[in-house]
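A look at the structure
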Amino acid sequence: MSGPYAELRDRVLEANLEIVRAGLVVLTFGNASAADRNAGLVAIKPSGVRYDELAADEIVVLDLESGAVVAGEARPSSDTPTHLVLYRAFAAVGGVVHTHSPYATAWAQAGRELPCFGTTHADHFDGLVPVTRRLEPAEIAGDYERLTGEAIVETFARLELDPLDRPAALVAGHGPFAWGADAAEAVENAVALEVVAASAFRTELLRPDAEPIDADLRRRHFRRKHGETAYYGQDG
């Protein structure tokens, strides 16, 4: 598209369509957003709009700090306050994806953190994927979506986790949120999260007493793809 915020809206449209293509979304269960930190903006899918009808000019653009809509006629996703909390708390994050993908959601509904049982998991997440506490009744009755984001931030602070080393969280009783340095990376991490959630489920079926892989192996796999010492893939 052309016009104001075209590049940001195009990126967010593509991220939303990609989570559908990846099989992470049915009906309208999910949303993706991206931040333009230089401009102080966030763009996100409009609430309840079918993915097969979604167009770039329907993507809603908001002020990152105030949350005020600056472009778009539709209401933004009902999960927008959660996305905004994550952007404000995690300065390195440039994209956020929320889905109700089946296996990751099952772990969230069980209120269980996702163990790192193998190197597939370690390629994307440097350890377990944490689960939040359950929200209190007063929180659910109040500013629910904002407090959902605060529960994620609280979990990362309590566990002293780097959000780019563990770019996802399971919201207890709800579902997964994933993020990355940009929207494309957030989508990749959402896809990886669903894959490793399914593998972990099957691992526990085959061996209920399975243990996480050793820390040395986990770190080697994570660091070969991430950080200054990464050597996986091609340059440029």
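Rules of the game
- Residues numbered from 1 in each chain as written.
- Predicted model: local features only at pLDDT ≥ 70, side-chain atom pairs only at ≥ 80, totals over all residues.
- Heavy atoms only, no water.
- Helix = DSSP H or I, 4+ residues; strand = E, 2+ residues; numbered from the N terminus.
- Rg over C-alpha atoms; globule rule 2.2 N^0.38 Å.
- Buried < 20%, exposed > 50% of the residue type's maximum accessible area, 1.4 Å probe, protein only.
- Contact = heavy atoms within 4.5 Å.
- Areas by Shrake-Rupley, 256 points an atom, 1.4 Å probe, with all protein chains shown as cover.
- Lys, Arg positive; Asp, Glu negative; His and termini not counted.
- Charge placed at Lys NZ, Arg CZ, Asp CG, Glu CD.
- Core = buried A, V, L, I, M, F, W, Y, C linked by side-chain atoms within 4.5 Å.
- Pairing = 2+ DSSP bridges.
- Polar contact = N/O pair within 3.5 Å; in protein donor to acceptor, adjacent residues only side chain to side chain.
- Salt bridge = Lys/Arg side-chain N within 4 Å of Asp/Glu carboxyl O.
- Arc of directions from axis to C-beta.
- Axes fitted to C-alpha atoms, helices over the stretch in contact; angles between N-to-C directions.

On a plain count of helices and strands, the protein chain comes out with eight helices and seven strands. The C-alpha radius of gyration computed for the protein chain amounts to 17 Å, which stays within 12% of the reference 18 Å derived for 236 residues, consistent with globular compactness. Reported as C-alpha extents along the three principal axes, the dimensions of the protein chain are approximately 50 × 50 × 30 Å. Across the 236 residues of the protein chain, 48% fall into the buried class. Sequence separation of 24 or more characterises 63% of the internal contacts of the protein chain that already satisfy a separation of 6 or more. Working note: accessible area of the protein chain is about 11500 Å², and carbon and sulfur atoms make up 50% of it. Averaging the coordinates of the 22 positive side-chain charges in the protein chain and doing the same for the 36 negative ones gives two points 4 Å apart.

Core analysis: the largest hydrophobic core is formed by 41 residues, its most contacted members being I19, V97, L114, F125, V129, L170 and L193. Those elements that provide at least two residues to this core are α1 (6–21), β1 (30–36), β2 (41–44), α3 (102–109), β6 (168–171) and α7 (183–206). With nine residues, α7 is the single largest residue contributor to this core.

Once that is clear, we can look at the pairing of strand β7 (residues 175–180). A regular strand places its side chains on the two faces of the sheet in alternate fashion. For β7, the tally of buried residues reaches six of six residues, placing the bulk of the element in the interior. Inspection of the sheet shows strand β5 (residues 95–99) paired to β7 by four bridges, in the antiparallel sense. In the strand pairing of β7, V97 is matched with A178. Relative to β7, β6 runs antiparallel, the two being bridged by four bridges. Bridged to L170 within β7 is P176. The turn linking β6 back onto β7 is made up of three residues, and G173 within it adopts a positive phi angle of 75 degrees.

Another aspect to go through is the environment of R218. Looking at the secondary structure, you find R218 in helix α8 (residues 215–223). Taking the relative accessible area as the measure of exposure, R218 reaches 15% and is therefore buried. For the pair formed by R218 and G180, sequence separation is 38 residues and the distance between their alpha carbons is 20 Å. Among the polar contacts listed, one links the side chain of R218 to the side chain of D126, at a separation of 2.9 Å.

Attention shifts here to the pattern of salt bridges. Under the criterion given, the structure shown has 15 salt bridges. For E14, the salt bridge identified is with R21, shortest N-O distance 2.3 Å. In this structure E14 comes out as partly exposed when scored by relative accessible area, which is 39%. With a closest N to O distance of 3.9 Å, D216 and R219 form a salt bridge.

For α3, the set of buried residues is A104, T105, W107 and A108. On an axial view of α3, the arc spanned by its buried residues comes to 155 degrees, and they lie on one face. Exposed positions of α3 whose direction lies more than 90 degrees from the buried face are P102 and Q109. On the buried face of α3, the contacting elements are β5, β6, β7 and α7.

Looking at where T105 falls in the secondary structure, it is placed in helix α3. Apart from residues lying up to four places away in sequence, T105 is in contact with T99, H100, H174, G175 and P176.

A separate point is the sheet that holds β2. The strand order β4-β3-β2-β1-β5-β7-β6 describes an open sheet built from seven strands, whose pairing is antiparallel. Each having just a single partner strand, β4 (69–71) and β6 make up the two edges of the open sheet. Ignoring which end each strand starts from, the neighbouring axes of this sheet average 25 degrees apart. Packing against the sheet, α1 makes contact with β1, β2, β3 (60–63), β4 and β5, and its axis sits at approximately 150 degrees to β1. Sheet contacts for helix α6 (residues 144–159): β6 and β7; angle to β6, the most-contacted strand, approximately 120 degrees.

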